[in-house]
Amino acid sequence: MFLFQQMDSIRDFSPIAYKQMPDYIAECLNPNFVLRPYQIDAFSNFITYYESDKCAKPTQVLFHMATGSGKTLIMAGLIIYLYKCGYRNFLFFVNLDNIVQKTKDNFLNGASDKYLFADEIVIDGEHVRINEVSNFQGVNSDAINICFTTTQGLHSDMWTAKEGAPSFDDFSEQKTVLIADEAHHLNVETRKGKVDKAEESLTQSWETTVNRIFYANNDNLLLEFTATCDLQNPYILSEYESKIIFNYPLSRFREEKYSKQVRAIRADIGYTDRILQALMFSQYRLKVFQDHRLYIKPVVLLKAKTIAESKDFEQSFYEMIRTLTGEMLERIISNSPLSEVKQMAAYYVSKGIDFDELAQELREEFSVDHCISVNDDKEASERQLLLNSLESRDNPYRAIFEVKKLDEGWDVLNLFDIVRLYETRDAKNGKPGTATIAEAQLIGRGARYCPFVIEDSDEKYKRKFDGDIDNPLRVCEELYYHCQYDSRYIDELNKALIATGIMPENQTDVHYILKDDFKREAIYQSGIVFLNKREVKSRKDIVELLPSVRDREYTVTINTGKTAMDTMMMNVHSNTTIKTYQSRTTIKGIADINYSIVHRALRRIDVFKFNILRSYFPNLRSLREFVTDTAYLGGVKILIESRDEKPTPETMFEACLNVLARIGGEISAIKETYEGTTKFVDKKFNEVFRSKTLHITDPHGEGEGVSQNAIAIRPEWKINLSEADWFVFNDNFGTTEEKAFVAYFASYVERLKKEYDKVYLVRNERQLVLYSFDGGERFEPDYLMFLLKKNAEGYEQYQIFVEPKGSHLIAQDKWKEDFLLQIRERGIPQKTFADDKEYHVWGFPFFNQNDRMSEFTTAFNSVVSNE
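None of these values were measured; they are calculated from a predicted model.

### A few points about unusual backbone geometry
Alright, step 1. Residue P58 is bonded to the preceding K57 through a cis peptide linkage, with omega at -15°.
Alright, step 2. Mapped onto the elements, P58 comes out in the loop between α3 (37-50) and β1 (59-65).
Alright, step 3. Residue R766 is not a glycine yet carries a positive backbone phi of 60°.
Alright, step 4. For R766, the location among the structural elements is in the loop between β27 (758-763) and β28 (770-771).
Alright, step 5. A relative accessible area of 35% places R766 in the partly exposed class.

### As for the side chain of R550
Alright, step 1. One can find R550 in helix α23 (residues 547-550).
Alright, step 2. For R550, a relative accessible area of 10% gives the class buried.
Alright, step 3. Apart from the residues lying within four places of it in its own chain, the contact partners of R550 are E544, L545, T630, A631, Y632, G635 and V636.

### Some remarks on the packing of aromatic side chains
Alright, step 1. Overall, the coordinates contain 64 aromatic pairs when judged by the stated rule.
Alright, step 2. Relative to Y839, the ring of F530 lies with its centre 5.1 Å away and its plane at 65°, an arrangement referred to as edge-to-face. Remark: Y839 occurs in strand β33 (residues 837-843) and F530 occurs in strand β17 (residues 528-531); sequence separation between them is 309 residues.
Alright, step 3. On the basis of relative accessibility, which here comes to 0%, the residue F530 falls in the buried class.
Alright, step 4. Joined through ring pairs, the aromatic side chains of W726, F727, F741, Y744, F745, Y748, Y783, F844, F847, F856 and F860 make up one cluster.
Alright, step 5. Taking the ring centre of Y83 as reference, the NZ or CZ of R88 above it sits at 3.7 Å.
Alright, step 6. Positioned above the aromatic ring of Y674 is the side chain of R534, whose terminal nitrogen or guanidinium carbon lies 3.7 Å from the ring centre.

### A short note on the sheet that holds strand β10 (residues 261-267)
Alright, step 1. Taken in spatial order, the six strands of this open sheet run β10-β15-β14-β11-β13-β12, and their pairing is parallel. Every interior strand has two partners, whereas the edge strands, β10 and β12 (371-374), have only one. Each strand axis lies, on average, 20° off the axis of its neighbour in the sheet, ignoring direction.
Alright, step 2. By the bridge criterion, seven bridges tie β10 to strand β15 (residues 478-484) in an arrangement that is parallel. Of the residues in β15, the one forming a bridge with R263 is Y480.
Alright, step 3. Of the strands in this sheet, β11 (299-303), β12 and β13 (399-402) touch helix α13 (residues 307-322), which is tilted by about 150° from β13.

Conventions and cut-offs
Residues numbered from 1 in each chain as written. Predicted model: local features only at pLDDT ≥ 70, side-chain atom pairs only at ≥ 80, totals over all residues. Heavy atoms only, no water. Helix = DSSP H or I, 4+ residues; strand = E, 2+ residues; numbered from the N terminus. Buried < 20%, exposed > 50% of the residue type's maximum accessible area, 1.4 Å probe, protein only. Contact = heavy atoms within 4.5 Å. Phe/Tyr/Trp six-rings, centres within 6.5 Å; stacked < 30°, edge-to-face > 60°. Lys NZ or Arg CZ within 6 Å of the ring centre and 35° of its normal. Pairing = 2+ DSSP bridges. Axes fitted to C-alpha atoms, helices over the stretch in contact; angles between N-to-C directions.

Here it is as structure tokens:
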């Protein structure tokens, strides 16, 4: 079992032993860099291990984290934590000098946009300075002392006596934290012969030197960071299985939407046209950002095969830009069949920008003064800080010429276009070659998400438009790789990208298209739909836990004794059978049996100290109220699985401890509290619901991304929705539970049409957003029913929200169902303009075939029979 898997087990099954990240780490980091959930987990994993009695001495761990996931920020936070633990000396080393320079700027230059620490670092009430040092002799014992060097420079200093350089004695006399970036380069010996020619002569050097430093003092720490640990190598796997403290691969980074989407534009056109097409896309993105008042400057990378070719391209590029005309751009646009190119051209037309004006803009934006070359070591070293600040307002560069100097250690967020200026392939036997893998890694660097926010509720660092591909801002979440029209090369590149994790193996686009007949209906042309808003709630008004925390059921497994024996590599498994029992209770139920059980668990968790709780819940009168009141912990449900037919006091204590640790983490994460308005405002139907294209990963079976009319769909669910006048889109591509609901609705359509003049079912793909009354939590119901009928004064319109829900999510999402059921009584539709319609806004219970059919059918019959 990997070390990170052991940490996961502790978090899931013994949460009291799983250490939470202390607040002072975030407080000592630059507030502009908000820690992401996985980064907090990385800190917690390390702290849990380091503070346990299982921690090896000296301590070596590896953070295996995707390119762009914030490894340097983790380094900075660990420096703060380890300073608090008594460490003062930190040695940072990496194989490339340009990464050293970049990291020094991030750690030391307070004026840099990428400076990682707070303006003032305060630990235990004392202001702490960061000093750069060349060795650790006579350093300030109250400061953070950091020595920056390359791996090669460190090796040379250790074995060749130099004045002012570190020595082996430095590391034996005082404890030191070694921070190794791009740590896969250290494993020269461990790989056992899998060494490239460039490293062959160093087989007995780098790793040996670092190990000698590391083992010089039993309190030394070696913190390794890499995105590419070769775990396919059995020697590396054996060495690092017990050392990988946190694992966050690129595939998960992409799945959790922290990266751009990568798209390849292959075209059978010359290099000049390929470059100009990329420049037009770059300028297009710049203007889309400006339309939304965002200062984000897109950058283009022009990648050649050799330095000589890159220099030639650079000179011809400047001449091309100098003589650029509108006719050249118009020819490229008119000859391209690509829909994205047509969309870009339509945008320029909509803004009144003709091709001559666009050519003038490109001549200015991509002039010599706005381009930079990094084709050799000297250029890369001299210009590293400029390359590290491409996002800054005062950085003028829009285009970069390079060969391979930026393949490692380059931090860039605003790279949106890479142009490949060569045609060769290096695959062998259908496998991507070294160059193609390097290209995939460069794409991975460029795929870092460029953060922005449009709505207050947007997550800044995540993609927002996977479910809305037609949104104009979608192009601002994509990286385009411009290359030759060679399907074999694209196949090889795809394999390399899938291997790195930046692309899924199976992805497709599905299209929700509003029917033309429906667009002619009155509800589409002039009708309205109602939704509420979110408002900040003053802490003095907080009188409860968030419903999503309070109303779910927590499952806890306590010492069941289940055991298994697995024969590795033979797929042979044997399991013992232990009789276990399940018992359902609540926090209040346990307190009623013995209050001290709950109170003892609360005392183990800092956030439940009464003075701290009052800072989150100022209306709280006592700890007992917090435990017993259903607005707080009283109604929290626990499902206990144990050997006890009736849970013992110790089992109840362990269950309480487990659940309270989880709830405590949720409370600690509270920054601001919201509420959803009871007033539902109106918006035009045709402004909310439009045709939409979705990007779906791995559609299969009857699930998401598969048509409701596909061959694989069971007969009772299979419907050709393109012919259904009541379904406003051409098809339904939802989950199995959603397809079951649509089939259920279809079975009622004829009955509904007898009572209502118009019956519509609308699929909501992140187009309409609601906010729960209690907590202001964002919610996007999957479907809306619209039922219209005449009354004495005009028309009545019923707008009903429906959420199909899988059985495994019912308890977890109970707050959503509670909110839906509150809408009828608390939701108040308010019209902007008076009309002759009477509006009703309701919500139904969850639709679930196994657990909610009775409740849902009762609710549904209320509109069929008009009760």
